[in-house]
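# Overview (structure and organization)
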Amino acid sequence: MDNKEVIVVTGAAGFIGSCMVGYLNLKGYSNLVLVDDFSKTAKDPNLEDKKYLEKIERDVFFEWLQNHRPNIAFIFHLGARTDTTEFDYSIHQRLNVEYSQKIWNYCVIHSIPLVYASSAATYGSGALGYDDSHELPFQLQPLNPYGISKNEFDKWVLHESMHPPFWAGLKFFNVYGPNEYHKGRMASVIWHSFNQIRDQGFVKLFRSHRPDFKDGQQLRDFIYVKDVIKVCYWLMENQPASGLYNLGTGKARSFEDLVKATFAGLGKVPEIHFIDMPEDIRDKYQYFTEANMSKLKAAGYKESFYSLEDGVGEYVRNYLADGHYY
């Protein structure tokens, strides 16, 4: 990469995007163009001390590209409307489908490699499994408008005859870690647990409303954001076969395990109270997610992932305890 080439990161002020910017800085890259809705000041601390060339408002990005014609070496398209409780599909259609299509088409025309954020929300109830094959998206039935929009874009990509020189759609599973302070209700269970422990001394978890799962034993594939950005960087460096890739640890763990790890990070004895799940989400609730990670491994990714205990422990001690950012 010569010194005139730039790397674009969309969603750059958000949780995963800002960590990506920080990791690129650690790897010696400051030739970064950051794209986001920067009017949301709660995200400002995520970019403090980060090095970059410029920040471009999401709504004028394509106009900016036309006027400046930058020499782009790579795009990380991590920006999206990620609120799973936003039921106005037109918002998801505009930001998650149409905006992503414009990014894709720009990458095709200008031969720019692309990594974009898909989601495990595309898998819906998980009845069809968690395999990142290219046939499955056409059968999937996501449970909310966010998941639908992510799956619609994946399907559109798979139908396209023109592709960037390399592309990867990453189906992020349950990502947690620093720089999610601004997310409030949409932040990870670890963030919520930490705050409940600090404020009340105990954590509330949803009861199970299925006989085959005990309370607190609902399972998720939790992945530390430091592993996510490492994989994104590896894909930029290595550019293996293009396609959809799951990005989880490949090992489902229970919410009870997660909360116990949070208590352990604080050096406290666990105290968990179970509460009824709101009725309006019971039929949309995933009881089990686990990424099939064989495709990424087959592509050559050899690094191991943080265990739940190590990832949560580091997050709690090095970030949450003092309100630190990555």
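Computed from a predicted model, the values in this text were never measured in an experiment.

Criteria and thresholds
- Residues numbered from 1 in each chain as written.
- Predicted model: local features only at pLDDT ≥ 70, side-chain atom pairs only at ≥ 80, totals over all residues.
- Heavy atoms only, no water.
- Salt bridge = Lys/Arg side-chain N within 4 Å of Asp/Glu carboxyl O.
- Helix = DSSP H or I, 4+ residues; strand = E, 2+ residues; numbered from the N terminus.
- Buried < 20%, exposed > 50% of the residue type's maximum accessible area, 1.4 Å probe, protein only.
- Phe/Tyr/Trp six-rings, centres within 6.5 Å; stacked < 30°, edge-to-face > 60°.
- Lys NZ or Arg CZ within 6 Å of the ring centre and 35° of its normal.
- Expected span 1.5 Å × (residues − 1).
- Disulfide = S-S within 2.5 Å.
- Pairing = 2+ DSSP bridges.
- Right-handed = clockwise from strand over helix to strand, strands pointing away.
- Core = buried A, V, L, I, M, F, W, Y, C linked by side-chain atoms within 4.5 Å.
- Contact = heavy atoms within 4.5 Å.
- Axes fitted to C-alpha atoms, helices over the stretch in contact; angles between N-to-C directions.
- Parallel < 35°, antiparallel > 145°, perpendicular 65-115°, else oblique.
- Left-handed = near helix turned anticlockwise from the far one by under 90°.
- Nonpolar A, V, L, I, M, F, W, Y, C, P; charged D, E, K, R; others polar.

The tally for this structure, following the rule as stated, stands at 13 salt bridges. Residue Asp276 is joined to Arg207 by a salt bridge in which the shortest nitrogen-to-oxygen separation is 3.0 Å. On the criterion of sequence distance, the pair formed by Asp276 in the loop between strand 13 (272-275) and helix 8 (279-282) and Arg207 in the loop between strand 8 (203-206) and strand 9 (219-220) is long-range, its members being 69 residues apart. Between Glu256 and Lys260 there is a salt bridge whose closest N-O contact spans 3.4 Å. Here Lys260 and Glu256 lie together in helix 7 (residues 255-265), a separation of 4 residues that amounts to about one turn. Lys260 sits in the partly exposed class, given a relative accessible area of 40%. By sharing partners, the salt bridges in this structure join Arg253, Asp257 and Glu309 into a single network.

Okay, the packing of aromatic side chains next. Inspection of the entire model under this criterion finds 25 aromatic pairs. Each ring, one from Trp104 and one from Trp156, has its centre 6.2 Å from the other, and the planes form 80°; the classification is edge-to-face. Highlighted residues: Trp104 in helix 3 (residues 89-110) and Trp156 in helix 4 (residues 145-159), separated in sequence by 52 residues. Assessed through its relative accessible area of 0%, Trp104 is described here as buried. By the ring-pair criterion, three or more aromatic residues cluster together here, those being Trp104, Tyr116, Phe153, Trp156 and Trp167. Sitting over the ring of Tyr123, Lys171 keeps its end group 4.3 Å from the ring centre. For Lys295, the ring lying beneath its charged end belongs to Tyr245, and the centroid distance is 5.5 Å.

A separate point is helix 3. In an α-helix, one full turn covers 3.6 residues, which means residues spaced three or four apart are oriented alike. If you check helix 3, its first and last C-alpha atoms are 30 Å apart, about what 22 residues at 1.5 Å a residue would give, namely 32 Å. One or two steps after helix 3, the chain reaches Ser111, where phi turns positive at roughly 50°.

With that out of the way, let us pick up the environment of Lys297. Its place among the elements puts Lys297 in helix 9 (residues 294-298). For the pair Lys297 and Asn71, spaced 226 residues apart in sequence, the C-alpha separation works out to 31 Å.

What follows deals with the state of the cysteines. Applying the stated rule across the entire model yields 0 disulfides. Its sulfur unpaired, Cys19 is 11 Å from the next cysteine sulfur, which belongs to Cys232. Overall, the relative accessible area of 0% leaves Cys19 in the buried class. With no disulfide partner, Cys107 has as its closest neighbouring cysteine sulfur the one in Cys232, 14 Å distant.

A word on the pairing of strand 5 (residues 114-119). Burial runs high along strand 5: 6 of the 6 residues are buried. Every second residue of strand 5 is oriented toward a common face, with Leu114, Tyr116 and Ser118 on one face and Val115, Ala117 and Ser119 on the other, all of them buried. Sheet topology note: the strand 4 (residues 72-77)/strand 5 ladder contains 3 bridges and is parallel. Looking at strand 5, one finds that Phe76 is bridged to Val115. Where the polypeptide runs from strand 5 across helix 4 and back to strand 6 (residues 167-172), its parallel neighbour, the crossover connection is right-handed.

Formed by 75 residues in total, the largest nonpolar core has its most connected members in Leu24, Phe76 and Leu247. Looking at this core element by element, the count peaks at 9 residues for helix 6 (residues 225-238). With residues near it in sequence (within four places) discarded, Leu247 still touches Leu170, Lys171, Phe172, Phe173, Ile223, Val228, Val231, Met293, Leu296 and Phe305.

It is the contact of helix 2 (residues 61-68) with helix 3, at a shortest axis distance of 11 Å, that shows an interaxial angle of 20°. The angle between helix 2 and helix 3 falls in the class roughly parallel. The two elements helix 2 and helix 3 meet at a crossing, and its hand is left-handed. In this structure, helix 2 uses Phe61, Phe62 and Leu65 to contact helix 3, whose residues at the interface are Tyr99, Lys102, Ile103 and Tyr106. Within the contact of helix 2 with helix 3, the residues separate by chemical class into 6 nonpolar, no polar and 1 charged.

In this section: the sheet that holds strand 5. On the basis of which strands lie adjacent, the open sheet formed by 7 strands has the order 3-2-1-4-5-6-11 and parallel pairing. Looking along the sheet, the strands with just one partner apiece sit at the ends: strand 3 (54-57) and strand 11 (243-247). Neighbour-to-neighbour, the strand axes of the sheet open up by a mean angle of 20°, direction not taken into account. Sheet topology places strand 6 next to strand 11; 5 bridges connect them, and they run parallel. Bridge pairing links Leu170 to Tyr245 in strand 11. Against the sheet, helix 2 contacts strand 1 (6-10), strand 2 (32-36), strand 3 and strand 4, and its axis sits at roughly 125° relative to strand 3. Against the sheet, helix 3 touches strand 1, strand 2, strand 4, strand 5 and strand 6, its axis set at about 160° to strand 4.

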